Amino acid sequence: MELDMEPQQRSPLLEVKGNIELKRPLVKAPSRLPLPGSRFKRGPDQMEDALEPEKKRTRVLGTTTKFATSYPRAPAPTAVPQTQGQTTAPKVPKRTGPRCSTAVATVLKNQKPGPAVPAKKPGTAAPPKLGGKKPSKRPAWDLKGQLCDLNAELKCCRERTQTLDQENQQLRDQLREAQQQATALGAERRTLEGELALKRAQAEQGQRELGNLSARVLELEEWLGTQEGLVQELQKEQLELQEERRGLVIRLEEQERRLQASEAALSDSQAEVASLRRETAAQAASLAERGERLHGLEMERRRLHNQLQELKGNIRVFCRVRPVLLGEPTPPPGFLLFPSGPGGPSDPPTHLSLFRSDERRGTLSGMPAAPTRHDFSFDRVFPPGSGQDEVFEEIAMLVQSALDGYPVCIFAYGQTGSGKTFTMEGGPGGDPQVEGLIPRALRHLFSVAGELSSQGWTYSFVASYVEIYNETVRDLLATGTRKGHGGECEIRRVGPGSEELVVTNARYVPVSCEKEVEALLHLARQNRAVARTAQNERSSRSHSVFQLQISGEHTGRGLQCGARLNLVDLAGSERLDPGLALGPGERERLRETQAINSSLSTLGLVIMALSNKESHVPYRNSKLTYLLQNSLGGSAKMLMFVNISPLEENVSESLNSLRFASKVNQCVIGTAQANRK
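Per chain, the residues get numbers from 1 upward, laid out in the order the sequence is written. Predicted model: local features are reported for residues with pLDDT of at least 70 only, side-chain atom pairs are reported and counted for 80 or more only, and whole-chain, interface and lining totals are derived from all residues. Calculated side-chain values reflect all of the structure's heavy atoms, with hydrogen atoms and water omitted.

Novice: Outline the overall build of the chain, supporting the account with residue identities and numerical values.
Specialist: In DSSP terms, a helix is any run of H or I states spanning at least four residues, a strand is any run of E spanning at least two, and both are numbered starting from the N terminus. Summing up its helical and strand segments, the chain has 13 helices and 16 strands in all. Taking all 677 residues of the chain together, 35% fall into the buried category. The contacts of the chain with a sequence gap of at least 6 include a subset with a gap of at least 24, amounting to 72%. Surface exposure here means Shrake-Rupley accessible area, sampled with a 1.4 Å probe, where a residue is shielded only by the protein chains that are shown. Accessible surface for the chain amounts to roughly 40,500 Å². Of this, 55% is attributable to carbon and sulfur atoms. A 1.4 Å probe rolled over the protein chains alone gives each residue an accessible area, and that area as a share of the maximum for its type sets the label: buried under 20%, exposed over 50%, partly exposed in between. Working rule for contacts: check all heavy atoms of both residues, and any pair within 4.5 Å makes them a contact.

Novice: Outline the packing of aromatic side chains, supporting the account with residue identities and numerical values.
Specialist: Any pair of Phe, Tyr and Trp rings, taking the six-membered ring for Trp, is counted once the centres come within 6.5 Å. Such a pair is stacked with planes under 30 degrees apart, edge-to-face with planes over 60 apart, and tilted for the rest. Evaluated as defined, the whole model comprises 8 aromatic pairs. By the ring-pair criterion, three or more aromatic residues cluster together here, those being Phe318, Phe382 and Phe641.

Novice: Could you give an account of helix α13 (residues 651–665), with specific residues and numbers?
Specialist: For a helix, the expected span equals 1.5 Å multiplied by the number of residues minus one. Given a rise of 1.5 Å per residue, 15 residues ought to cover 21 Å, and the 20 Å separating the end C-alpha atoms of α13 matches this to within 8%. Those residues of α13 lying buried are Val651, Glu653, Ser654, Leu655, Ser657, Leu658, Phe660, Ala661, Ser662 and Val664.

Novice: Account for the sheet that holds strand β4 (residues 372–377), naming residues and giving values.
Specialist: Any two strands with at least two DSSP bridges between them are considered paired. If you trace the 3 strands from one edge of the open sheet to the other, you get β2-β3-β4, paired in antiparallel fashion. Of all strands in the sheet, those bounded by a partner on one side alone are β2 (336–337) and β4. Pairing analysis gives 2 bridges linking β2 to strand β3 (residues 351–356), with the strands arranged antiparallel. When the sheet's bridge partners are listed, Leu336 is paired in β3 with Leu354.

Novice: Please set out the confidence of the model for the chain residue by residue, giving values where relevant.
Specialist: How sure the predictor is of each residue is captured by pLDDT, a score from 0 to 100. Confidence along the chain averages 75 in pLDDT terms, with 68% of residues attaining 70 or more. Looking at the elements of the chain, mean pLDDT is at its lowest for helix α3 (residues 62–70), recorded as 38, and at its highest for strand β11 (residues 509–511), recorded as 93. The model gives residues 1–133 a pLDDT under 50, and that stretch makes 141 contacts with residues more than four places away or in other chains.

Novice: Can you tell me about the nonpolar core, naming the residues and giving the values?
Specialist: We define a nonpolar core as any set of buried Ala, Val, Leu, Ile, Met, Phe, Trp, Tyr and Cys residues linked to one another through side-chain atoms lying within 4.5 Å. Formed by 51 residues in total, the largest nonpolar core has its most connected members in Phe411 and Leu632. In terms of residues, this core owes the most to one element, helix α11 (residues 584–611), which gives 7 residues. If you look at the next biggest cluster of nonpolar residues, it comprises 45 residues, including Phe382, Leu476, Ala524 and Cys561.

Novice: Describe the UniProt feature "binding site: ATP" (unreviewed entry) in the chain, with residues and values.
Specialist: UniProt positions are given in the numbering used here, feature names are shortened, and annotations may be inferred rather than shown by experiment. Within the UniProt annotation, "binding site: ATP" (unreviewed entry) is assigned to Gly414, Gln415, Thr416, Gly417, Ser418, Gly419, Lys420 and Thr421. By the secondary structure assignment, Gly414 is in strand β6 (residues 408–414). According to the relative accessible area criterion, Gly414 is buried, its value standing at 0%. When near neighbours in sequence (up to four residues on either side) are disregarded, Gly414 contacts Lys420, Ala571, Gly572, Ser573, Asn643 and Ser657. You can see Gln415 is positioned in the loop between β6 and α8 (420–425). Classification of Gln415 as buried rests on a relative accessible area of 1%.

Novice: Can you tell me about helix α10 (residues 514–527), naming the residues and giving the values?
Specialist: Compared with an ideal rise of 1.5 Å per residue, which puts 14 residues at 20 Å, α10 spans 20 Å between its outermost C-alpha atoms and is within 8% of the ideal. Looking only at α10, the buried set comprises Val517, Leu520, Leu521, Leu523, Ala524 and Asn527. Viewed end-on, α10 has its buried residues packed into an arc of 165 degrees, placing them on one side of the element. Buried-residue contacts for α10 involve α9 (437–453), β7 (457–469) and β11. Directions pointing from the helix axis toward each C-beta atom define the arc.

Novice: How would you explain the environment of Glu514 if you had to name every residue and give the values?
Specialist: Tracing the chain through its elements places Glu514 in helix α10. C-alpha of Glu514 to C-alpha of Phe446: the two residues are 68 residues apart in sequence and 8.5 Å apart in space. Ignoring any residue separated from it by four or fewer positions in sequence, one finds Glu514 in contact with Arg443 and Phe446.

Novice: Which residues make up the packing of helix α7 (residues 388–403) against α9, and what values go with them?
Specialist: Taken N-terminus to C-terminus, the directions of α7 and α9 make an angle of 50 degrees; their axes are 9 Å apart at the nearest point. Classified by the interaxial angle, the pair formed by α7 and α9 is oblique. Like other packed secondary-structure pairs, α7 and α9 cross with a definite hand, here right-handed. Contacts from Gln388, Asp389, Val391, Phe392, Ile395, Ala396, Val399, Gln400 and Leu403 in α7 reach Leu437, Arg440, Ala441, His444, Leu445, Val448 and Ala449 in α9. Considered class by class, the residues forming the contact of α7 with α9 number 11 nonpolar, 3 polar and 2 charged. Only C-alpha atoms enter the line fits that serve as axes; for helices the fit covers just the stretch in contact. Angles between N-to-C directions range over 0 to 180 degrees. Under this scheme an angle from 65 to 115 degrees is roughly perpendicular, one under 35 degrees roughly parallel, and one over 145 degrees roughly antiparallel; angles in between are oblique. Crossings are assigned a handedness: left-handed for a near helix turned anticlockwise from the far helix by less than a right angle, right-handed for a clockwise turn. Only Asp, Glu, Lys and Arg are considered charged, only Ala, Val, Leu, Ile, Met, Phe, Trp, Tyr, Cys and Pro nonpolar, and every remaining residue, Gly among them, polar.

Novice: Go over a nonpolar patch on the surface with me, naming the residues and quoting the values.
Specialist: Taken together, the side chains of Leu220, Trp223 and Leu224 define a hydrophobic patch exposed on the protein surface, amounting to about 290 Å² of accessible area. With respect to the helices, strands and loops of the structure, Trp223 is situated in helix α5 (residues 143–312). Patch criteria: residues need more than 30% relative accessible area and no salt bridge. Like-charged residues are merged within 9 Å; nonpolar side chains of Val, Leu, Ile, Met, Phe, Trp and Tyr are merged within 5 Å. One speaks of a salt bridge when a side-chain nitrogen belonging to Lys or Arg is within 4 Å of a carboxyl oxygen belonging to Asp or Glu.

Novice: So what about the pattern of salt bridges? Which residues, and what values?
Specialist: Side chains bearing opposite charge may pair, as long as their charged atoms lie close to each other. Counted according to the given criterion, the structure contains 18 salt bridges. Notably, a salt bridge pairs Asp142 with Arg138, separated by 2.8 Å at the nearest N-O pair. Ionic pairing is found between Glu467 and Arg474, a salt bridge with its closest N-O pair at 3.7 Å. Classification of Arg474 as partly exposed rests on a relative accessible area of 26%. The network of salt bridges with shared partners includes Arg138, Asp142 and Asp149.

Novice: How would you sum up the pairing of strand β15 (residues 559–569)? Please name residues and give values.
Specialist: Most of β15 sits inside the fold, with 9 of its 11 residues counted as buried. Two strands pair when backbone bridges link them, and β6 and β15 are joined in this way by 5 bridges, in the parallel orientation. Among the inter-strand pairings, Cys409 is bridged to a residue of β15, identified as Asn566. Of the pairings in the sheet, the one linking strand β14 (residues 543–554) to β15 comprises 11 bridges and is antiparallel in character. Residue pairing across strands places Ser551 opposite Gly562, the latter belonging to β15.

Novice: Report on the pairing of β6, specifying residues and quantitative values.
Specialist: Here β6 lies mainly inside the structure; 7 of its 7 residues are buried. Because side chains alternate across β6, one face comprises the buried residues Val408, Ile410, Ala412 and Gly414, and the other comprises Cys409, Phe411 and Tyr413, equally buried. Here β6 pairs with strand β16 (residues 637–644) via 7 bridges, running parallel. Following the sheet pairing, Ile410 is matched in β16 by Leu639.

Novice: So what about the side chain of Ser631? Which residues, and what values?
Specialist: In this structure, Ser631 sits in the loop between α12 (623–627) and β16. Counting of polar contacts relies on pairs of N or O atoms within 3.5 Å, with two restrictions inside protein: one atom must be capable of donating a hydrogen and the other of accepting it, and residues adjacent in sequence are counted only when both atoms are side-chain atoms. Within the structure, Ser631 has its side chain in polar contact with the side chain of Asn566 (distance 2.5 Å). Look past the residues within four positions of Ser631 in its chain and what remains in contact with it is Pro407, Cys409, Arg564, Asn566, Ala636 and Met638.

Novice: Explain a negative patch on the surface residue by residue, including any values.
Specialist: Taken together, the side chains of Glu233, Glu237, Glu240 and Glu244 make up a negatively charged region of the molecular surface. You can see Glu240 is positioned in helix α5. Charge assignment in this entry is limited to Lys and Arg as positive and Asp and Glu as negative, and neither His nor the chain termini are counted. By convention, charge coordinates are those of NZ in Lys, CZ in Arg, CG in Asp, or CD in Glu.

Novice: Explain unusual backbone geometry to me, and be specific about the residues and the numbers.
Specialist: The backbone of Asn470 shows a phi angle near 50 degrees, a positive value even though the residue is not glycine. Topologically, Asn470 is positioned in the loop between β7 and β8 (472–475). The residue Lys613 is not glycine, and still its phi comes out positive at about 55 degrees. Counting through the fold element by element, Lys613 comes out in the loop between α11 and α12. Residue classification places Lys613 among the exposed positions, given a relative accessible area of 56%.

Next comes the structure, spelled out in structure tokens:
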């Protein structure tokens, strides 16, 4: 029994899957099992096909033919041909595997087997029919013929039985195959039903997803519209950027051309830089060599400068004669003479001659006595016409020694009204032409320190300004409530074993420019003690001491130096008149004069002791000498200005000042030593 389908026919599972995917109606495959009652519903053609084998096995005998054809056997189920997507078999209701097997068994049981038809022998042909008439029976007497017929019929029945057994076995095999196929189809049907349910669930899920996707499509369409707008904007922006890009490309090309030109120039510059570096290295080496040489020259300059100052004398005395002021009487001709030096009028004067008339000697003889000539010799003499700049030019080199590490002390000594304060501080009004030694000295120090900074030297300056009034130290830079409280200031050593002195409670102000110095001098003028005397309307009644502490350092060579510059304006010296009647005010002036003369005498004694190399120098006999002791010894350089009046009425005081200065000028102090580390 042929159970296979045509090669072009797809499997039912694939057909179902295709129908589900394409949403087409399900096409059922034709069943290969015989339908119930098919035996009675066969057509004539089918009956003829079923009886055709039986006709071939009939004998010539009519009875045998009737027996064979009276019970035709059920034809074997044949495969029903079908085309793609169509079927000719009638539809059968769906049944499960066991029910389908029972139906097949019932159909086979209802079919009654017909009489056995003897099989044809191979090679024998059926006896021809005679005119379509049935063969006649043998006569009763022909027993042998009847026996032959019976044997032949028995043989035919046996063959028929054997054929029916074979057909029965084939039918049973076909039944088993049909049952197996029915079982397989049932399982396939259940699988397909499960798959169909799954596909339906998937279809429902797909419908839901389709709805969601439809909503999502609407959202995406809206978003797409927005994005299309953005795309249009971006396209416009892209066009603008493309235009900008073209412009940038043009600029880039231009920059590349410039870059190439710059690279060429750079290569030239690099070659030039390499050459310059070589030159710089050579110059650096030369500069270092010159720096060493310059340092050596600077040290040599300092040494020679110091030798020059020593040759001039570590104690020098300059004499300055002030000019005659308005309202003062003109001195007689020849009262003061300034003889020329050895080199003639071009040499600076160093001698002074003062003529004095002796009235007492003239009275005894009855005739006027000739004036007495007093000659004095100093390191330098400044006539009344000498200006402040000329005076400072002579001491500028001495001031610079303070930068080299040598203590320097400059005094202004003389009687009241001889011009000491004018020499040290200058005149009022701030006229640069009448500036004193203090502002000029600091300006010179600041300038030289700036020049030495190029050689690696750095300098710092700290200023203080005090006065000694009646042996009491007062701070002239005091401000506010501290003004006039001189008792608070004392002279003390910096520390145990230290030789450096400091004034307690005094202001030490760092200075770096001329304006700061001018402000300090202005404040000191307001605080200084002055009074009216017989010689001066406004006389300084105290010693003023301006001290500038100088500290220098050369970090590259590890050198340090320090020194102190002292610029002292001494109080006016006057002789006391024993027969003068003293009132309360005069007694105060008397005490001031006694204190001033005592301190000046102590200064002279200290200088003499230093000159004579005495073991004891009376520094402590006066606050002035005690404060200046580190600037008066052998390691210091001193210069004294003796200021005298050009008036004849002051000749006695002038002679006293000149004699005191001459004694100081004759003193010789040991070689000065620089304070270096």
